[in-house]
Amino acid sequence: MSDLKELEKRILALEKECRRLSDIESIRQMRYRYWRAIRDVDLDTLLALFSENSCADFGIGEQMVAVGKEAVEKLYKATVGTWKPQGQYPRGFVPEIEVTSDKTAKGTWMVEAQVLDREKRLVTNVGCLYDEEYVKEDGQWKIRRLKTSFTYNQYTSMVPPK
């Protein structure tokens, strides 16, 4: 009888680990949708990734902090909403994602974005860290808190040297 109980215990532990790994992958996929939405200036997709009680801090002053979904939407419309599609190419990598409960998680990402200004013929490479909290709403992982810390900016001319 103890062998059966031990087997049940192992199955429960495996189910729990599968849920945790599935949640981590779902968060990764959500973040990839975020970066594609930034690249394509797809505000509907982008804003759907934020929770009802979300907040965002772009790390460049109080005017770039938003608390509450409505304020987050306003911030993204005032920033990303003014960009041209295919003008920014963000990439997130080296994620550390920790599932803290059935409905919460936290994560950090290294992010690089290449920003193209075709009129000025300038490329800006931006490096930053994202510190985030996630919440599961209606079975979907969403961004609850996003805090950006910039690490570098590098400017390169698109004009070839003579």
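Structure first, text after, so check above.
Anyway, here's the lowdown on the structure attached to this text. If you're wondering where the values come from, they're calculated on a predicted model, not measured in any experiment.

### Side note on the pattern of salt bridges
Alright, step 1. Following the criterion strictly, the structure yields 11 salt bridges and no others.
Alright, step 2. Among the ionic pairs, R39 bridges to D40, the shortest N-O distance being 2.8 Å.
Alright, step 3. According to the relative accessible area criterion, R39 is partly exposed, its value standing at 27%.
Alright, step 4. On the accessibility criterion, D40 (30% relative accessible area) is partly exposed.
Alright, step 5. R91 serves as the salt-bridge partner of E112, at 3.9 Å between the closest nitrogen and oxygen. Of this pair, E112 sits in strand β4 (residues 104-117) while R91 sits in strand β3 (residues 88-99), placing them 21 residues apart in sequence.

### Considering unusual backbone geometry
Alright, step 1. One non-glycine residue, R121, lies in the positive phi region at around 55°.
Alright, step 2. Inspection of the secondary structure assignment puts R121 in the loop between β4 and β5 (122-137).
Alright, step 3. On the basis of relative accessibility, which here comes to 42%, the residue R121 falls in the partly exposed class.
Alright, step 4. Residue D138 is not a glycine yet carries a positive backbone phi of 50°.
Alright, step 5. With respect to the helices and strands, the residue D138 is situated in the loop between β5 and β6 (140-157).
Alright, step 6. Since its relative accessible area comes to 80%, D138 is described here as exposed.

### Let's talk about the sheet that holds strand β2 (residues 65-67)
Within a beta sheet, neighbouring strands are joined by backbone hydrogen bonds and run either parallel or antiparallel to one another.
Alright, step 1. Strand order in this open sheet of 6 strands is β2-β1-β6-β5-β4-β3, and the pairing throughout is mixed. Only two strands of the sheet have a single neighbouring strand rather than two, namely β2 and β3. Between one strand axis and the next, the sheet turns through 20° on average, direction left out of account.
Alright, step 2. With 10 bridges joining them, β3 and β4 adopt antiparallel strand pairing. Looking at β4, one finds that Y89 is bridged to Q114.
Alright, step 3. Against the sheet, helix α1 (residues 2-40) touches β1 (50-57), β3, β4, β5 and β6, its axis set at about 160° to β3.
Alright, step 4. Packing against the sheet, helix α3 (residues 69-78) makes contact with β1, β2 and β6, and its axis sits at approximately 50° to β1.

### Examining the side chain of K142
Alright, step 1. Relative to the elements of secondary structure, K142 occurs in strand β6.
Alright, step 2. Non-local contacts of K142, meaning those with residues more than four positions away in its chain, are made with M30, A48, L49, F50, S51, E133, Y134, V135 and E137.

### Let's talk about the nonpolar core
Nonpolar side chains in soluble globular proteins tend to end up buried together.
Alright, step 1. In terms of nonpolar packing, the biggest core is built from 30 residues, with Y34, L46, Y76, Y130 and Y134 touching the most fellow members.
Alright, step 2. If you list the elements that add at least two residues to this core, you get α1, α2 (43-48), β1, α3, β4, β5 and β6.
Alright, step 3. The element contributing the most residues to this core is α1, with 7 residues.
Alright, step 4. Those residues in contact with L46 that lie beyond four places of it in its chain are Y34, A37, I38, Y76 and V80.

What counts and how
- Residues numbered from 1 in each chain as written.
- Predicted model: local features only at pLDDT ≥ 70, side-chain atom pairs only at ≥ 80, totals over all residues.
- Heavy atoms only, no water.
- Salt bridge = Lys/Arg side-chain N within 4 Å of Asp/Glu carboxyl O.
- Buried < 20%, exposed > 50% of the residue type's maximum accessible area, 1.4 Å probe, protein only.
- Helix = DSSP H or I, 4+ residues; strand = E, 2+ residues; numbered from the N terminus.
- Pairing = 2+ DSSP bridges.
- Axes fitted to C-alpha atoms, helices over the stretch in contact; angles between N-to-C directions.
- Contact = heavy atoms within 4.5 Å.
- Core = buried A, V, L, I, M, F, W, Y, C linked by side-chain atoms within 4.5 Å.

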